[in-house]
Amino acid sequence: MFGFAVGQEVRQALREGKPVVALESTIISHGMPYPQNVETALKVEALVREGGAVPATVAIIAGVPTVGISPQQIDHLGKEGRRVAKASRRDVPILAAKGLDGATTVASTMLIAAMAGVKLFATGGIGGVHRGAETTMDISADLEELATTPVTVVCAGAKSILDLGLTLEYLETKGVPVLGYRTDCLPAFYTNKSPFPVTRVDDPLEIAKAIKAKEDLGLRGGMLVTNPIPEEYSMDPDYIEGVIRQALAECDKEGIKGKDTTPYLLSKICELTGGESLESNIQLVFNNVRLATRIACELEKLA
Ligand code: PSU
Ligand code: MN
């Protein structure tokens, strides 16, 4: 029989009702270069612990969806980088059948976290509706997962490699609550503003209550909490828009499609900004992890 695994520390925390925060692994293997990817992933786990919760980095290890991989496995995924399969929901059964490793996206991390009963998940940015989706139909499986699976995802909004307006429309159609932490507009990953409104919340307890309400009312699907990048790390909007346009043009010229699109754009942006975007990316992940940990702790008190 095929099944999933839960790391020992995470299993114990879940048994004792302690707060757990899930973390994804595509960000490690496909979202950042080595060695910053591994350093960031390990620091993130330390931040969750400092906040009083237990980290659960999710990946597929030799075919087994695993909630709470080891530091050695994090190092392995980071070193292998793009040689590891990027695993979204559709890839999970194939990797399980073949006994292969997979780095989980937001969609598959939510899916696997939910198997273990983990309710909070922190990352950098989510996938969404790509610019030009009206002809390519390129819409990330992350959005469908948010509509289906009961996990709250804390992110810094979405990069404007996506069409942010269409991404919000899609989430609205699917009935996914989109909250803004201390903001009235959707943060755009590298920058803390966009023209698109979200529902403002000012307190982690309020967010925890919304999660509890959703659960108690039997409403399916997850929730998206968008957390603006701290001002001191946010980038100039015009500069980053220019970089994104250039990255999109090169992606088009190279004929990159499908699941390769997002990782290609991420590494191109990193290259074009000479690493400046990477530092912002790392800092916003830390910021999201701190918030997710606070929400997880509040949620545990409500239980
Ligand atoms: N956006 C980022 N960093 C990332 C990703 C997206 O700013 O690392 C990764 C996440 O794992 C996300 C995935 O779930 O890319 C989306 O890929 P796609 O667009 O192929 O669904
Ligand atoms: Mn896609």
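Structural data are supplied above this passage.
Scoring rules and cut-offs
- Residues numbered from 1 in each chain as written.
- Chains lettered and ligands numbered in written order.
- Predicted model: local features only at pLDDT ≥ 70, side-chain atom pairs only at ≥ 80, totals over all residues.
- Heavy atoms only, no water.
- Helix = DSSP H or I, 4+ residues; strand = E, 2+ residues; numbered from the N terminus.
- Rg over C-alpha atoms; globule rule 2.2 N^0.38 Å.
- Areas by Shrake-Rupley, 256 points an atom, 1.4 Å probe, with all protein chains shown as cover.
- Contact = heavy atoms within 4.5 Å.
- Buried < 20%, exposed > 50% of the residue type's maximum accessible area, 1.4 Å probe, protein only.
- Polar contact = N/O pair within 3.5 Å; in protein donor to acceptor, adjacent residues only side chain to side chain.
- Axes fitted to C-alpha atoms, helices over the stretch in contact; angles between N-to-C directions.
- Parallel < 35°, antiparallel > 145°, perpendicular 65-115°, else oblique.
- Left-handed = near helix turned anticlockwise from the far one by under 90°.
- Nonpolar A, V, L, I, M, F, W, Y, C, P; charged D, E, K, R; others polar.
- Expected span 1.5 Å × (residues − 1).
- Salt bridge = Lys/Arg side-chain N within 4 Å of Asp/Glu carboxyl O.
- Near = heavy atom within 4 Å.
- Pairing = 2+ DSSP bridges.
- Phe/Tyr/Trp six-rings, centres within 6.5 Å; stacked < 30°, edge-to-face > 60°.
- Lys NZ or Arg CZ within 6 Å of the ring centre and 35° of its normal.

Draft legend 1. How the structure looks around the overall build of the protein chain. In terms of helices and strands, the protein chain carries 13 helices and eleven strands. Over its C-alpha atoms the protein chain spans a radius of gyration of 18 Å, differing by no more than 12% from the 19 Å that the globule rule assigns to 303 residues. Dimensions of the protein chain, computed from the C-alpha atoms along their principal axes, are close to 50 × 45 × 35 Å. Here the protein chain has roughly 13200 Å² of accessible surface; of this, 54% comes from carbon and sulfur atoms.

Draft legend 2. Region of the structure containing the environment of T148. Position of T148 relative to the elements: it lies in helix α8 (residues 141-148). Excluding its chain neighbours within four sequence positions, the residues that come into contact with T148 are R220 and G221.

Draft legend 3. Representation of helix α6 (residues 106-116) in the model. The buried fraction of α6 amounts to nine of the eleven residues, a majority that puts the element mostly inside the structure. Those residues of α6 lying buried are V106, A107, S108, T109, M110, L111, I112, A113 and A116. Between the side-chain oxygen at the start of α6 and the backbone nitrogen of A107 there is a gap of 3.3 Å, and the oxygen is on T105. With its phi angle positive at about 90°, G117 sits one or two positions after the end of α6.

Draft legend 4. Structural view of the packing of helix α11 (residues 237-253) against helix α12 (residues 261-272). It is the contact of α11 with α12, at a shortest axis distance of 9 Å, that shows an interaxial angle of 130°. In terms of their interaxial angle, α11 and α12 are classed as oblique. Of the two possible hands of crossing, α11 and α12 adopt the one that is right-handed. Along the contact surface, α11 presents Y239, I240, V243, I244, Q246, A247, L248, E250 and C251, while α12 presents T261, Y264, L265, K268, I269 and L272. Considering only residue class, the contact of α11 with α12 consists of eleven nonpolar, two polar and two charged.

Draft legend 5. Seen up close, helix α13 (residues 276-302). The end-to-end C-alpha distance of α13, which contains 27 residues, comes to 40 Å, matching closely the 39 Å that a straight helix rising 1.5 Å per residue would cover. Counting buried positions along α13 gives 19 out of 27 residues, so the element sits mostly inside the fold.

Draft legend 6. Broad picture of the pattern of salt bridges. Considering all chains together, one arrives at 16 salt bridges under this definition. For E9, the salt bridge identified is with R49, shortest N-O distance 2.6 Å. Separated by 40 residues along the polypeptide, E9 in helix α1 (residues 8-15) and R49 in helix α3 (residues 36-50) bring together distant segments of the chain. Salt-bridge contacts for E16 lead to K18; the nearest nitrogen and oxygen are separated by 2.9 Å. Residue E16 is classed as partly exposed on the basis of its relative accessible area of 44%. The exposure class of K18 is partly exposed, given its relative accessible area of 45%.

Draft legend 7. Focus on the site of ligand 1. Near ligand 1 lie 15 residues; those nearest to it are E24, K86, S140, D142 and K159. In this structure, V106 approaches ligand 1 through a main-chain N or O atom, which is 2.8 Å from an oxygen atom. At 2.7 Å, a side-chain N or O of D142 approaches an oxygen atom of ligand 1. In isolation ligand 1 has 480 Å² of accessible area, and contact with the protein removes 94% of it. Grouping the amino acids of the shell around ligand 1 by side-chain chemistry returns four nonpolar, seven polar and four charged.

Draft legend 8. Broad picture of the pairing of strand β4 (residues 64-67). The pairing of strand β1 (residues 5-6) with β4 spans two bridges and is parallel. Bridging across to β4, V6 finds its partner in V67. Counting the residues in the hairpin turn of strand β3 (residues 54-61) and β4 gives two residues, including A62, whose phi is positive at 45°.

Draft legend 9. Layout of the packing of aromatic side chains. The final tally for this structure, using the stated rule, is one aromatic pair. On the basis of an interplanar angle of 85° and a centroid distance of 4.9 Å, the ring pair of F189 and Y190 is categorised as edge-to-face. Each member of the pair F189 and Y190 is classed as buried. The side chain of K43 reaches across the aromatic face of F286, ending 4.7 Å from its centre.

Draft legend 10. Quick peek at the packing of α3 against helix α4 (residues 71-80). Contact geometry of α3 with α4 gives a least axis separation of 9 Å together with a crossing angle of 150°. It follows from the interaxial angle that α3 and α4 lie roughly antiparallel. Where α3 crosses over α4, the two elements pack in a sense that is right-handed. The residues of α4 that touch α3, namely those facing N37, V38, A41, L42 and E45, are P71, I74, D75 and G78. Looking at the contact of α3 with α4 residue by residue, the class counts come to five nonpolar, two polar and two charged.

Honestly, it's all geometry; don't read function into it.
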